[in-house]
Amino acid sequence: MISLVIPLHNESRFFDTLIKDIKEALGEQQDELEIVVVDDGSKDDTWEAVQQADIGAIRLKGVRFSRNFGKEAAIYAGLSEANGNPVIVMDGDGQHPPSLLPEMLRKWQSGALVVEAVKSRRPLEPLWKKICTAFFYFIFRYATGLDLRASTDFKLLDRRVVDAYLELPERNRFFRGLTKWFNFPSAAILFEPAQRTTGETSWSLRHLVSFAWNSIVSFSVWPLRMLMAGGLAGIGASLLLLLQTLYCKFSGRAEPGFSTVIILQLLLGSAILFGLGVVGEYISKIYEEVKMRPLYVVLERFEKQAR
Ligand code: UDP
Ligand code: MG
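Caption draft 1: Quick look at the overall build of the chain. Within the chain, the regular secondary structure consists of 10 helices and 8 strands. Against the 2.2 N^0.38 benchmark of 19 Å for 307 residues, the chain shows a C-alpha radius of gyration of 25 Å, more extended than a compact globule. For the chain, with 307 residues in total, the buried portion stands at 44%. In the chain, of all internal contacts separated by at least 6 residues, the share reaching a separation of at least 24 is 83%. For the chain, the centre of its 36 positive side-chain charges and the centre of its 35 negative side-chain charges are spaced 7 Å apart.

Caption draft 2: Structural detail: helix α5 (residues 127-144). Taking 1.5 Å of rise per residue, the 18 residues of α5 would be expected to cover 26 Å, and the 26 Å separating its terminal C-alpha atoms lies within 8% of that figure. Looking only at α5, the buried set comprises K129, T133, F136, Y137, I139, F140 and A143. The buried residues of α5 all sit within an arc of 165° when viewed along its axis, so they share a single face. Pointing more than 90 degrees away from the buried face of α5 are the exposed residues L127, I131, F135 and Y142. For α5, the elements touching its buried residues are α7 (175-182), α8 (205-217) and α9 (222-250). Count one or two residues on from α5 and you reach G145, which has phi positive near 75°.

Caption draft 3: Highlighting the sheet that holds strand β5 (residues 114-119). One open sheet holds the 8 strands; their spatial order is β7-β5-β6-β4-β1-β2-β3-β8, and the pairing between them is mixed. At either margin of the open sheet sits one strand with a lone partner, and together these are β7 (186-191) and β8 (298-305). Neighbour to neighbour, the strand axes of the sheet diverge by 15° on average, direction disregarded. Bridge count between β5 and strand β6 (residues 155-157): 3 bridges; the pairing is antiparallel. Bridging from a neighbouring strand, V115 pairs with L156 of β6. Of the strands in this sheet, β1 (2-8), β4 (87-89), β5, β6 and β7 are in contact with helix α4 (residues 101-109), which crosses β7 at around 160°.

Caption draft 4: Main features of the pairing of β7. Burial along β7 is one-sided: A187, I189 and F191 are buried, while S186, A188 and L190, pointing the other way, are not. By the bridge criterion, 6 bridges tie β5 to β7 in an arrangement that is parallel. Counterpart to K119 in the pairing with β7 is F191.

Caption draft 5: How the structure looks around the nonpolar core. Among the nonpolar cores identified, the biggest contains 38 residues, and F65, L79, F140 and Y165 are the most heavily contacted of them. Counting only elements with at least two residues in this core, the list comes to β2 (33-39), β3 (59-65), α3 (71-81), β4, α5, α6 (159-167), α7 and α8. In terms of residues, this core owes the most to one element, α3, which gives 6 residues. Excluding its chain neighbours within four sequence positions, the residues that come into contact with F140 are G145, L146, L148, F174, S215, I216 and F219. If you look at the next biggest cluster of nonpolar residues, it comprises 36 residues, including L18, I19, A49 and F191.

Caption draft 6: Seen up close, unusual backbone geometry. For the peptide bond that leads from N85 to P86, omega is 5°, which places it in the cis range. In this fold, P86 is placed in the loop between α3 and β4.

Caption draft 7: Geometry of the site of ligand 1. Not every one of the 17 residues close to ligand 1 is listed here, only the nearest: H9, D40, D93, Q95 and W203. Between ligand 1 and P7, the relevant distance is 2.8 Å, taken from an oxygen atom to a main-chain nitrogen or oxygen of the residue. Contacts to ligand 1 include G92, whose backbone N or O atom sits 2.8 Å from an oxygen atom. A total of 530 Å² of accessible area belongs to ligand 1 in isolation, and the protein chains cover 90% of it. In the shell around ligand 1, the residues fall into 3 nonpolar, 7 polar and 7 charged.

Caption draft 8: How the structure looks around α6. Here α6 has its buried residues at V161, V162 and Y165. The buried side chains of α6 occupy one side of the element, clustering within an arc of 100° when seen end-on. Relative to its buried face, α6 has exposed residues pointing more than 90 degrees away, namely R160 and E167. Looking at the buried side of α6, the elements it contacts are α3, β4, β5, β6 and α7. Structurally, the start of α6 carries an N-cap: the backbone nitrogen of R160 is 3.0 Å from a side-chain oxygen of D158.

Calculation notes
Residues numbered from 1 in each chain as written. Chains lettered and ligands numbered in written order. Predicted model: local features only at pLDDT ≥ 70, side-chain atom pairs only at ≥ 80, totals over all residues. Heavy atoms only, no water. Helix = DSSP H or I, 4+ residues; strand = E, 2+ residues; numbered from the N terminus. Rg over C-alpha atoms; globule rule 2.2 N^0.38 Å. Buried < 20%, exposed > 50% of the residue type's maximum accessible area, 1.4 Å probe, protein only. Contact = heavy atoms within 4.5 Å. Lys, Arg positive; Asp, Glu negative; His and termini not counted. Charge placed at Lys NZ, Arg CZ, Asp CG, Glu CD. Expected span 1.5 Å × (residues − 1). Arc of directions from axis to C-beta. Pairing = 2+ DSSP bridges. Axes fitted to C-alpha atoms, helices over the stretch in contact; angles between N-to-C directions. Core = buried A, V, L, I, M, F, W, Y, C linked by side-chain atoms within 4.5 Å. Near = heavy atom within 4 Å. Polar contact = N/O pair within 3.5 Å; in protein donor to acceptor, adjacent residues only side chain to side chain. Areas by Shrake-Rupley, 256 points an atom, 1.4 Å probe, with all protein chains shown as cover. Nonpolar A, V, L, I, M, F, W, Y, C, P; charged D, E, K, R; others polar.

Here it is, written out as structure tokens:
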């Protein structure tokens, strides 16, 4: 059985078309298909659309969250509900074309445990979003050594990869990064992401920034290292300043020196504050891990197998 995991947040208008496209793409193979839909606390009638969808021979499983827990949680829930091998994760907004599914399955059959659909170009997006994503990927690559620029959440995973992913004990998850981190044999196929056909993206700027920051902090201690490097550089600079001040003093050209004191205070003060902020960020991550809260809470479930 093949499983398809689809996280949905306010995508009711698109669900029928999506199912139709999936059936079309898979042809005969749809008899072995299980779709796991995760309704991530949608405010529209996504849940009704899921229940009413014309699924033919497909097995449909729905999980509805009690509120919006975010895409990462939705993917995790979907993966843990999926029974098939392989499991394919795709967006429910039409930007991940189901027509790629047969090709992904072929790559899996020829031995890849992870097949990723890679963007040949970024979709038309507002300039601010392009700049922000470019900046995020640059920092992420610098901090972790993983290049995720063309990477997407549209992935096929072998059962072994899914189990490994579900077994990871951490709560702060970053699907795209973690599947790379495993370093299982993988293959890529190129595609041009379509425009969002209906509905709106659920990502606000605030969401994106917090997503980027979470991904980086849960993936590397690079900000902490930067802190230490900054501290070292600051000490170096202060030493130079100290030498210069001593030289001025002994050569009898000493200034009253108020400005130096004030500058030093400002500099060190802000460095310390910044450092505390970064440390606090990691402590908050530890706190979240230690709480052991569930990643999501299910409001209701639904299962349907036509015929
Ligand atoms: N999504 C979700 N929970 C959220 C935000 C998004 O499950 O809080 C789903 C959404 O329904 C879609 C996918 O994640 O299926 C990608 O979302 P979107 O298209 O808004 O993001 P983008 O394409 O910009 O990455
Ligand atoms: Mg999208």
